[in-house]
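Next come the chains, spelled out residue by residue.
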Amino acid sequence: MPKAAKYYGLIPAGGSGQRFGAGFPKQYANLGGVAVLKHSVRALLADPRVEAVYVVVSGNDGRAERLLEGMARVEVLALAGPERANTVLNALMHLLAGDRVASTDWVLVHDAARPGLSAAALARLIDHAGDHAVGGLLALPVVDTLKNSALMDGVASVQHTVPRAGLWSAQTPQMFRAQALAHAIAGCLEQGKVITDDASAMEIFGHAPLLIPGHIENMKITLPADLEVVAKLLGLGAGPALEIT
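Residues numbered from 1 in each chain as written. Predicted model: local features only at pLDDT ≥ 70, side-chain atom pairs only at ≥ 80, totals over all residues. Heavy atoms only, no water.

**Student:** What should I look at first to understand the overall build of the protein chain in this one?
**Tutor:** The number of helices and strands found in the protein chain is seven helices and 12 strands. Relative to its length of 245 residues, the protein chain is compact, with a C-alpha radius of gyration of 18 Å against a globular reference of 18 Å. The burial tally for the protein chain puts 44% of its 245 residues in the buried class. Here the contacts in the protein chain between residues at least 6 apart in sequence split such that 69% fall between residues at least 24 apart. (Helix = DSSP H or I, 4+ residues; strand = E, 2+ residues; numbered from the N terminus. Rg over C-alpha atoms; globule rule 2.2 N^0.38 Å. Buried < 20%, exposed > 50% of the residue type's maximum accessible area, 1.4 Å probe, protein only. Contact = heavy atoms within 4.5 Å.)

Take a look at the structure:
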């Protein structure tokens, strides 16, 4: 009888936070007295089906190790690459080569700066995507009217309205089989394909992941103003101070 697939969390956290503009990576910003990264890790651990969470950082970043010290089912890997895709691939290859993760196990790749993932949304993803041949991702249907723009004299102006029917805004986690995702990302990097998330790599190789309804609270922090929005959504205070240095 084949061995049942397991579930593992993978959080690429090697970004420098240049767009955040606070002098430190956004995953270490203070959200309710706890670093954003720790919120994101705890969110994945909320489902007991997740065997372990691997946080992938750059070799010169010791903050995550200290921040997450003592947390059960959590391991920090200093394997980050130059881009997010490289970081995910490095971690997958390391885990597969060391038999830490089996080729058919599910890997849930989650943004370090998405602290608002709810247990209900995570369970929904595992419940539905776990029965799918490819896997899936959390996403929200686009509800705003979309405009395609062009620059005129340095100012953006409307070219045309983009029909929003069938459009979704991707969130994370994005859940795929470990070997299949590693193969897709490696292939895209070798071919010079532009991939904006893990699902896009799978799509380029002909796979059609499921779209599982997410939630607005699961928004990604990119700019300082986003931290304030997430804090309000989650009913928490926010500030620039690091929880650990």
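On we go.
**Student:** What exactly am I supposed to notice about the pairing of strand S7 (residues 135-141) here?
**Tutor:** Side-chain direction in a regular strand flips from residue to residue, so the side chains alternate between the two faces of the sheet. Burial analysis of S7 places five of its seven residues in the buried class, which makes it a mostly covered element. Across six bridges, S7 lies against strand S10 (residues 168-177) in antiparallel orientation. Across the sheet, Pro-141 pairs through a bridge with Trp-168, a residue of S10. Pairing of S7 with strand S11 (residues 210-213) involves four bridges; the strand directions are parallel. (Pairing = 2+ DSSP bridges.)

**Student:** It is not clear to me how unusual backbone geometry should be interpreted in this structure. Could you clarify?
**Tutor:** Residues other than glycine predominantly adopt negative phi, and peptide bonds predominantly adopt the trans conformation. The linkage connecting Thr-172 with the following residue, Pro-173, adopts the cis geometry, with an omega of 10°. Here Pro-173 is to be found in strand S10. The backbone of Asp-99 sits at a positive phi, close to 55°, despite the residue not being glycine. In this model, Asp-153 sits at a positive phi of 55°, which is unusual for a non-glycine residue.

**Student:** Hey, could you run me through the side chain of Asp-47 in this one?
**Tutor:** Here Asp-47 is to be found in the loop between helix H1 (36-45) and strand S4 (50-56). Owing to a relative accessible area of 7%, Asp-47 belongs among the buried residues under this scheme. A distance of 2.9 Å separates the side chain of Asp-47 from the side chain of Arg-49, its partner in a polar contact. The contacts of Asp-47, once residues within four sequence positions are left out, are Arg-73, Leu-122, Ala-123 and Ile-126. (Polar contact = N/O pair within 3.5 Å; in protein donor to acceptor, adjacent residues only side chain to side chain.)

**Student:** I'm lost on the pattern of salt bridges in this one. Help?
**Tutor:** Between side chains of opposite charge, a pair can form when the charged atoms approach closely. Considering all chains together, one arrives at seven salt bridges under this definition. Its salt-bridge partner being Asp-127, residue Arg-49 comes within 2.7 Å of it at the nearest N-O pair. Of this pair, Arg-49 sits in the loop between H1 and S4 while Asp-127 sits in helix H4 (residues 119-129); the two residues are 78 residues apart in sequence, bridging distant segments of the chain. The partly exposed category is assigned to Asp-127, whose relative accessible area is 40%. Its salt-bridge partner being Arg-84, residue Asp-198 comes within 3.0 Å of it at the nearest N-O pair. Residue Asp-198 is found in helix H6 (residues 198-204), and its partner Arg-84 is found in helix H3 (residues 84-97); the two are separated by 114 residues along the sequence. (Salt bridge = Lys/Arg side-chain N within 4 Å of Asp/Glu carboxyl O.)

**Student:** I'm lost on the sheet that holds strand S1 (residues 7-12) in this one. Help?
**Tutor:** Pairing between the strands of a sheet is mediated by backbone hydrogen bonds and can be parallel or antiparallel. One open sheet holds the seven strands; their spatial order is S5-S4-S1-S6-S10-S7-S11, and the pairing between them is mixed. Looking at the sheet topology across the chains shown, the edges are occupied by strand S5 (74-77) and S11. Here the strands of the sheet are splayed against their neighbours by 30° on average, with no regard to which way each runs. Judged from the four bridges that link them, S1 and strand S6 (residues 106-109) form a sheet pairing that is parallel. Note that in S6 the partner of Tyr-8 across the bridge is Val-107. (Axes fitted to C-alpha atoms, helices over the stretch in contact; angles between N-to-C directions.)

**Student:** Explanation requested: the side chain of His-110 in the structure shown.
**Tutor:** On the secondary structure map, His-110 appears in the loop between S6 and H4. Side-chain polar atoms of His-110 contact the backbone oxygen of Arg-114, separated by 2.9 Å. When neighbours within four sequence positions are excluded, His-110 is seen to be in contact with Leu-10, Ile-11, Pro-12, Ser-40, Leu-44, Leu-117, Thr-172, Pro-173 and Asn-218.

**Student:** What am I meant to see in helix H5 (residues 178-191) here?
**Tutor:** Because each turn of an α-helix spans 3.6 residues, side chains separated by three or four positions end up pointing in the same direction. Taking 1.5 Å of rise per residue, 14 residues should cover 20 Å, and H5 covers 20 Å from first to last C-alpha, within 8% of that figure. Considering only its buried residues, H5 is in contact with H3, S6, S10 and H6. Positive phi appears at Gly-192, one or two residues downstream of H5, with a value of about 70°. (Expected span 1.5 Å × (residues − 1).)

**Student:** In this structure, what is going on with the pairing of strand S8 (residues 146-152)? I would like to understand it.
**Tutor:** Direction of pairing for S8 relative to strand S9 (residues 155-162): antiparallel, over a ladder of seven bridges. Within S9, the position partnered with Leu-146 by the bridge is Val-162. Once S8 ends, the chain turns through two residues before running back antiparallel as S9, passing Asp-153 with a positive phi of about 55°.

**Student:** Any chance you could explain the packing of H3 against H5 here in plain terms?
**Tutor:** Axes are the key here: two packed helices are described by the angle between their axes and the distance separating the axes. Contact pair H3 / H5: the axes reach a minimum separation of 9 Å and the direction vectors enclose 135°. Of the possible angle classes, the one that applies to H3 and H5 is oblique. Between H3 and H5 lies a crossing of left-handed hand. Between H3, through Ala-85, Asn-86, Val-88, Leu-89, Leu-92, Met-93 and Leu-96, and H5, the contact on the second element is made entirely by Ala-178, Gln-179, Leu-181, Ala-182, Ile-185, Ala-186 and Leu-189. Split into classes, the residues belonging to the contact of H3 with H5 amount to 12 nonpolar, two polar and no charged. (Parallel < 35°, antiparallel > 145°, perpendicular 65-115°, else oblique. Left-handed = near helix turned anticlockwise from the far one by under 90°. Nonpolar A, V, L, I, M, F, W, Y, C, P; charged D, E, K, R; others polar.)

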